[in-house]
Amino acid sequence: AASLRHGGTGKVLSSLLRDKLLSHDKSCGYDGYRLTNAGYDVLALNNLKQRGVIAGFGDKIGTGKESDIYLAVHPNGQQVVLKIHRLGRTSFRNVKKTRDYFHYHNKGRTRGQAPANNSANSWLFLSRKSALKEFAFM
């Protein structure tokens, strides 16, 4: 389906694990793989490049409790600032109690009702929701 040669999947997984874009997880009772923050960042940067939003990615210029700030270059050469949300840092773990985008939305649940242990909300998902909400206010 993915046009990989025999054994190609293993090589791709090994490469992604080596570069820490995926993590291997056996805690769920089977061999599983989880996307890391770095892997999610690569997907987001690739998407921004494909859409012509950025042409280059630069140095980190700041770190806050919720995000990292980087310099980037627009395809026309103009320097822009790129904010990457980073919920889940130990200094900001109480976000689950205080932010409205944490509430789990799924068919069959009352809107806004979170599961008892909040396990359905990954930090990647929450970071994305936070970024979308902030972008809507810009």
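Scope of this entry: the structure provided in the associated data block. (Residues numbered from 1 in each chain as written. Predicted model: local features only at pLDDT ≥ 70, side-chain atom pairs only at ≥ 80, totals over all residues. Heavy atoms only, no water.)

1. Brief notes about the sheet that holds strand β5 (residues 79-85)
Argument step 1. With respect to topology, three strands assemble into an open sheet ordered β3-β4-β5, the strand pairing being antiparallel. Looking along the sheet, the strands with just one partner apiece sit at the ends: β3 (56-63) and β5. Neighbour-to-neighbour, the strand axes of the sheet open up by a mean angle of 30°, direction not taken into account.
Argument step 2. Relative to strand β4 (residues 67-73), β3 runs antiparallel, the two being bridged by five bridges. Its bridge partner lying in β4, Phe57 is registered against Ala72. (Pairing = 2+ DSSP bridges. Helix = DSSP H or I, 4+ residues; strand = E, 2+ residues; numbered from the N terminus. Axes fitted to C-alpha atoms, helices over the stretch in contact; angles between N-to-C directions.)

2. Focus on the nonpolar core
Argument step 1. Leu48, Ile54, Tyr70, Ala72, Leu82 and Ile84 together form the largest nonpolar core, which totals six residues.
Argument step 2. Within the residue set of this core, elements represented by two or more residues are β4 and β5.
Argument step 3. Once you skip the residues sitting within four places of it in the chain, Ile54 turns out to touch Leu45, Leu48, Lys49, Ala72, Val73, His74 and Pro75. (Core = buried A, V, L, I, M, F, W, Y, C linked by side-chain atoms within 4.5 Å. Buried < 20%, exposed > 50% of the residue type's maximum accessible area, 1.4 Å probe, protein only. Contact = heavy atoms within 4.5 Å.)

3. Here we look at the pattern of salt bridges
Argument step 1. One pass over the full model with this rule turns up three salt bridges.
Argument step 2. Arg34 serves as the salt-bridge partner of Asp25, at 3.3 Å between the closest nitrogen and oxygen.
Argument step 3. For Asp25, a relative accessible area of 15% translates into the label buried.
Argument step 4. The exposure class of Arg34 is partly exposed, given its relative accessible area of 47%.
Argument step 5. Ionic pairing is found between Lys60 and Asp68, a salt bridge with its closest N-O pair at 3.9 Å. (Salt bridge = Lys/Arg side-chain N within 4 Å of Asp/Glu carboxyl O.)

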